[in-house]
Amino acid sequence: MAIVDQVRARYSSVLTVPLPRGVDRRLREPGAARPFGPVPPGTAEIPGDFGLPLLGHTLGYVRLGHELTRRRTERYGPVWWMGGPLGRSVVVAGPAATREVLVNRDKAFSQEGWRTLVDRFFHRGLMLLDFDEHRMHRRIMQEAFTADRVAGYVRQAAPVVRSTLDTWSGDMRIHPALTQLTLDVAARVFMDSGSQSDEINRAFVACVRGANAFVRRPLPGTRWKKGLDGRAVLERWFRDALPAKRAGTGDDLFSALCHARTPEGEAFSDDDVVNHMIFLMMAAHDTSTTTATSAAYHLGLHPEWQEKARAESLALGDGHLGVADLRSLTTLDHVVSEALRLDAPVPVVLRTAVKDTTVLGHHIPAGTRVTVAQAVNHYDPQCWDSPETFDPDRFAAPPKDRDAFVPFGGGVHKCIGLWFGRYEVLTILHELLRTHRWTSEPGLRWDNTSLPVPVGGVPVRLRRL
């Protein structure tokens, strides 16, 4: 059955209108119409199909996420193309293709792919910068993510986590609860405030949702308009707070960015600090929430793993854990890695070819949008035994290929805050393990309209120890 027919079958209640007459069904076939122009000698043509008119495979991806990209990779190989509202995009998957794009040795790929989608909401965030400018900004920002700084952030996060989890009990939906918790942690660690206002929280959510809006015009009531309004709220909030942060000596991330300076004297402007804070708040909050939700869900399904991880946590006593203690939680660390593998918080990353290039011998012309479907690698049977199975023990040894596991991206754009994010998730799960037992119901499903969000919020049943 063709992929487009699979999508039609899954969306029979939505896609009730037949394809218009005259649609060239040959466009669904591999290589039809040479969508990327003539293929130079010695290079391979890229197979693929557009999918539904105008929408391409967008609805299928929203519903199926990496299941769709995995199926298409099985059909077409590690380099293929698909259609969407913005036109055609080349998708690469598998460790070898991922490595070529993310390492980017010949600087053929830029971040324009991300800028097209999210710049209006996360303008000039670190992820959106390229080449020498990106290198300079990353060098400055690294001063806010040194080992000592990260250890300090962990110390600040622990009391917030403990005080919040003390209020949890009974039947609850864990994803919205974790969303609020990670926002409160971000308020303390990033801005040195007790909690964020509902207005700020809504603004962050609106920006994330606006980035993947279908209607990309500021029409009243649309995601795009709400996202733009959210961006304005965040800019105003950070600019109002910035003078005090510049003048102070705080230990929060906002203060660290205000005072970060390289040995050569490079520092951020006020605009830089505001732009980076908005982006970092989004990046840290969403990925940590998704990872903690997935790990809690799987631990609720697998009580043997929950008990094994709990034993390690209880052995450390009642004090708040620092970095060294968190690193000693081997079982929990493997659980988090397995959650990242099964439910990658960022299942794809976007690039744009700035010059003609190749990936695994396939011709990629300049201007082509390229999607790295990195979550596909997490299920590659050549790299993982029984990839559909929850098995934290698989992380007792390194993966067979280092690019089989890329939850934080790779190359020069690898997530700069990955260590704090991991420690934050470990802190949350450690505190939950030492105070509660819980169960969850099978059937976790993700909405991939923007970054993955669990449908139904993940119901769990908590029982205090």
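Residues numbered from 1 in each chain as written. Predicted model: local features only at pLDDT ≥ 70, side-chain atom pairs only at ≥ 80, totals over all residues. Heavy atoms only, no water.

## Some points on the side chain of glutamine 111
Position of glutamine 111 relative to the elements: it lies in the loop between strand S4 (109–110) and helix H5 (112–118). In terms of polar contacts, glutamine 111 uses its side chain to reach the backbone carbonyl oxygen of methionine 127, at 2.7 Å. A distance of 3.0 Å separates the side chain of glutamine 111 from the side chain of arginine 351, its partner in a polar contact. Once you skip the residues sitting within four places of it in the chain, glutamine 111 turns out to touch Met127, Leu128, Leu129, Asp130, Leu350, Arg351 and His413. (Helix = DSSP H or I, 4+ residues; strand = E, 2+ residues; numbered from the N terminus. Polar contact = N/O pair within 3.5 Å; in protein donor to acceptor, adjacent residues only side chain to side chain. Contact = heavy atoms within 4.5 Å.)

## Some words on unusual backbone geometry
Not every positive phi belongs to a glycine, and arginine 124 is a case in point at roughly 55°. Mapping arginine 124 onto the fold places it in the loop between H5 and helix H6 (131–142). Even without being glycine, leucine 360 reaches a positive phi, approximately 50°. With respect to the element layout, leucine 360 can be found in the loop between strand S7 (357–359) and strand S8 (362–364). Looking at leucine 360, the relative accessible area reads 34%, which means it is partly exposed. (Buried < 20%, exposed > 50% of the residue type's maximum accessible area, 1.4 Å probe, protein only.)

## Some points on the nonpolar core
Phe190 and Met277 are the most contacted members of the largest nonpolar core, which totals 115 residues. With near-sequence residues (within four places) excluded, methionine 277 lies in contact with Phe190, Met191, Phe238, Leu253, Phe254 and Leu257. (Core = buried A, V, L, I, M, F, W, Y, C linked by side-chain atoms within 4.5 Å.)

## What to know about the packing of helix H8 (residues 174–191) against helix H12 (residues 270–301)
The contact between H8 and H12 brings their axes to 9 Å, and the two run at 140°. With respect to H12, the element H8 is oriented oblique. In the crossing of H8 with H12, the sense of the turn from one axis to the other is right-handed. Across the interface between the two elements, Ile174, His175, Leu178, Thr179, Thr182, Leu183, Ala186, Phe190 and Met191 of H8 pack against Met277, Leu280, Met281, Ala284, His285, Ser288, Thr289, Ala292, Thr293 and Ala296 of H12. (Axes fitted to C-alpha atoms, helices over the stretch in contact; angles between N-to-C directions. Parallel < 35°, antiparallel > 145°, perpendicular 65-115°, else oblique. Left-handed = near helix turned anticlockwise from the far one by under 90°.)

## A look at the pattern of salt bridges
Tallying each qualifying case throughout the model produces 27 salt bridges. Note that glutamate 388 and arginine 70 form a salt bridge whose closest N and O atoms lie 2.2 Å from each other. Of this pair, glutamate 388 sits in the loop between helix H16 (374–377) and helix H17 (418–435) while arginine 70 sits in helix H3 (residues 66–76), placing them 318 residues apart in sequence. A single network of salt bridges, built from pairs that share partners, joins Arg99, Asp401, Arg402 and Asp403. (Salt bridge = Lys/Arg side-chain N within 4 Å of Asp/Glu carboxyl O.)

## Details of the packing of aromatic side chains
Taken as a whole and judged by the stated rule, the model has 12 aromatic pairs. Between the aromatic rings of tryptophan 384 and phenylalanine 405, the centroid separation amounts to 6.4 Å while the plane-to-plane angle is 80°, which identifies the pairing as edge-to-face. Of this pair, tryptophan 384 sits in the loop between H16 and H17 while phenylalanine 405 is found in the loop between H16 and H17, placing the two residues 21 residues apart along the sequence. For the residue pair tryptophan 384 and phenylalanine 405, the accessibility class agrees, reading buried in each case. Put simply, the rings of Phe145, Tyr153, Phe190 and Phe420 pair up and form one aromatic cluster. Lying over the aromatic face of tyrosine 379, arginine 70 brings its terminal NZ or CZ to 3.9 Å of the ring centre. A cation over an aromatic ring shows up here: arginine 341 above the ring of tryptophan 384, its NZ or CZ 5.5 Å from the ring centre. (Phe/Tyr/Trp six-rings, centres within 6.5 Å; stacked < 30°, edge-to-face > 60°. Lys NZ or Arg CZ within 6 Å of the ring centre and 35° of its normal.)

## Observations concerning a nonpolar patch on the surface
On the surface, Phe214, Val215 and Leu219 cluster together into a nonpolar patch covering about 280 Å² of accessible area. Position of valine 215 among the secondary structure elements: in the loop between helix H9 (198–210) and helix H10 (223–247). (Patch = residues over 30% accessible without salt bridge, like charges linked within 9 Å, V, L, I, M, F, W, Y side chains within 5 Å. Areas by Shrake-Rupley, 256 points an atom, 1.4 Å probe, with all protein chains shown as cover.)

## A few points about H12
With 32 residues, H12 ought to run about 46 Å at 1.5 Å a step, and its terminal C-alpha atoms sit 47 Å apart, in line with that. Within H12, 27 of the 32 residues are buried, which leaves it mostly tucked inside the rest of the structure. (Expected span 1.5 Å × (residues − 1).)

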